[in-house]
Amino acid sequence: MKSHSNGKIRRVAILGGGPVASTLATLLARKGRKVGIWHRPRRAPLLVGESLVPAIIPMLRSLGVEEEVRSFSTFKPGATFNLSDQVNFSFFFDQLSGGMPRYAYNVPRDRFDDALLDAARKAGAKICETGAKVERVPGTDRVQLSAETLEAAGEFFSEASDLIVDATGRARVLPELLSIPSRRGERQDTALFAHVDQMPLDHAGHVHTTRIDHGWSWRIPLPGRVSVGMVLFACGRARLGIGRRYSRVH
Ligand SMILES: Cc1cc2nc3c(=O)[nH]c(=O)nc-3n(C[C@H](O)[C@H](O)[C@H](O)COP(=O)(O)OP(=O)(O)OC[C@H]3O[C@@H](n4cnc5c(N)ncnc54)[C@H](O)[C@@H]3O)c2cc1C
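Every value quoted in this text rests on a predicted model; they were computed, and no experiment measured them.

Q: How should I be thinking about the site of the ligand in this particular structure?
A: As a matter of local geometry, the ligand sits amid 21 residues, with Val 20, Gly 49, Ser 51, Arg 109 and Ala 132 nearest to it. The separation between an oxygen atom of the ligand and a polar main-chain atom of Val 20 is 3.0 Å. Backbone polar atom of Ala 132 to a nitrogen atom of the ligand: 2.8 Å apart, as the coordinates give it. Look at the ligand: alone it shows 1000 Å² of surface, and the protein chains cover 67% of it. Where the shell around the ligand is concerned, the elements lending two or more residues are helix H1 (19–30) and strand S13 (215–222). A class-by-class count of the residues in the shell around the ligand yields eleven nonpolar, seven polar and three charged.

Q: Would you mind showing me how to read unusual backbone geometry here?
A: Backbone geometry follows two general trends: most residues other than glycine have a negative phi, and most peptide bonds adopt the trans configuration. At Ser 179, a position not held by glycine, the phi torsion is positive, near 55°. For Ser 179, a relative accessible area of 60% gives the class exposed.

Q: Would you explain the packing of aromatic side chains in this entry?
A: The description of an aromatic ring pair rests on the distance of the ring centres and on the angle between the ring planes. Inspection of every chain in the model, using the stated rule, returns ten aromatic pairs. Between the aromatic rings of Phe 81 and Phe 91, the centroid separation amounts to 6.3 Å while the plane-to-plane angle is 15°, which identifies the pairing as stacked. Here Phe 91 lies in strand S5 (residues 88–92) and Phe 81 lies in strand S4 (residues 78–82), a separation of ten residues in the sequence. On the basis of relative accessibility, which here comes to 22%, the residue Phe 81 falls in the partly exposed class. Classification of Phe 91 by relative accessible area gives partly exposed; the value is 30%. Geometrically, the ring pair formed by Phe 91 and Phe 93 is edge-to-face, given 5.8 Å between the ring centres and 70° between the ring planes. Three or more aromatic residues link up through ring pairs in this structure, and these residues are Phe 81, Phe 89, Phe 91 and Phe 93.

Q: What is the right way to look at the pairing of S5 in this model?
A: Here S4 pairs with S5 via five bridges, running antiparallel. Among the inter-strand pairings, Gly 78 is bridged to a residue of S5, identified as Phe 92.

Q: What is the right way to look at H1 in this model?
A: Since one α-helical turn is 3.6 residues long, residues separated by three or four positions face the same way. Compared with the 16 Å implied by 1.5 Å per residue over twelve residues, the 17 Å span of H1 between its first and last C-alpha is a close match. Three or more residues of H1 are buried, namely Ala 21, Ser 22, Thr 23, Ala 25, Thr 26 and Ala 29. Summarising the contacts, the buried residues of H1 are in contact with strand S1 (11–15), strand S2 (34–38), helix H2 (57–63) and helix H4 (109–123). Remark: Gly 32 follows H1 within two positions and exhibits a positive phi of approximately 90°.

What counts and what doesn't
Position labels on residues start from 1 in each chain and follow its written sequence. In view of the model being predicted, local features appear only for residues whose pLDDT reaches at least 70, and side-chain atom pairs are presented and counted only at 80 or more, with totals across whole chains, interfaces and linings using the full set of residues. Values shown for side chains rest on all heavy atoms present in the structure; no hydrogens or waters enter the calculation. Proximity criterion: a residue is near a molecule or strand once any of its heavy atoms comes within 4 Å of it. We call two N or O atoms a polar contact when they sit within 3.5 Å, provided that within protein one can donate a hydrogen and the other can accept it, with sequence-adjacent residues counted only if both atoms are side-chain atoms. Using a 1.4 Å probe, accessible areas were evaluated by the Shrake-Rupley method; residue-level cover was limited to the displayed protein chains. In DSSP terms, a helix is any run of H or I states spanning at least four residues, a strand is any run of E spanning at least two, and both are numbered starting from the N terminus. Following the grouping adopted for this structure description, the nonpolar residues are Ala, Val, Leu, Ile, Met, Phe, Trp, Tyr, Cys and Pro, the charged ones are Asp, Glu, Lys and Arg, and the polar ones are all others, Gly among them. Relative accessibility under 20% of the residue-type maximum defines a buried residue, over 50% an exposed one, and the middle range a partly exposed one, all with a 1.4 Å probe and only protein chains included. Between 30 and 60 degrees the pair is tilted, below 30 it is stacked and above 60 it is edge-to-face, where a pair is any two Phe, Tyr or Trp rings, Trp via its six-membered ring, whose centres lie within 6.5 Å. Here, strands pair whenever DSSP counts at least two bridges between them. Working rule for helices: expected span equals 1.5 Å times residues minus one. The contact criterion used is simple: two residues touch if any of their non-hydrogen atoms lie within 4.5 Å.

By themselves, these are just geometric observations and shouldn't be taken as functional.
Structure below.
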């Protein structure tokens, strides 16, 4: 969202501290833009989004973080699907044709997000560990960072930003401010997940997807543990007596 500009975009404020925010910050800072990230410190130790696909690898290389990500992740050579008693199959990324890398990683999301944020910091972006607040500029159709949000960046961001990017994911900070509605799909799935010490796997490193009654489950091997998740369709949730209040995924 453009808040204020005389043509050239020099200062960019990015709201959020996930992979999208950090990646954009690194790329813009490398292009000489002054970039600030407002990043609300993480509340939940576990985050979903742990199994990467091969198409991400070129971006990790371009950001200069692949070696670091490899050091704390599980090498992922493929994927396994258990769909029914009759339909079970695995595929390996080395069967892929074309220029795509033949592997990916399963990443502990806290360390992954930290590595990407660190890359942004090294590229010159200012990381402010505080939630961002935006407000309407009275009498205009523009928005701006609140005074306390700007203050968190100290002297680095003394002038208003030319562009505000909302990378807050499901928090939807700018759409909420501007009353831009979101359309909910018909599915009201609920995801529950945890990390466990041990869990049987068909293939080391593979993300495993299994069909279960009223939903599906994932097993994502990480170093020393396995992320186990269950996605339940609304009907399954009702049968198990799980209320909506347990349905928020962070
Ligand atoms: C159940 C489930 C399983 C998934 N599994 C996978 C998977 O295996 N592999 C995969 O690639 N993807 C997976 N995803 C998708 C993945 O989680 C998202 O695509 C990814 O996290 C999106 O990144 P992002 O940077 O856009 O947003 P997010 O990662 O959501 O980051 C948003 C950030 O904004 C911050 N924030 C919020 N409000 C504010 C504020 N006011 N000020 C400052 N910061 C704020 C939050 O703290 C957070 O750090 C899964 C998603 C779900 C729901």
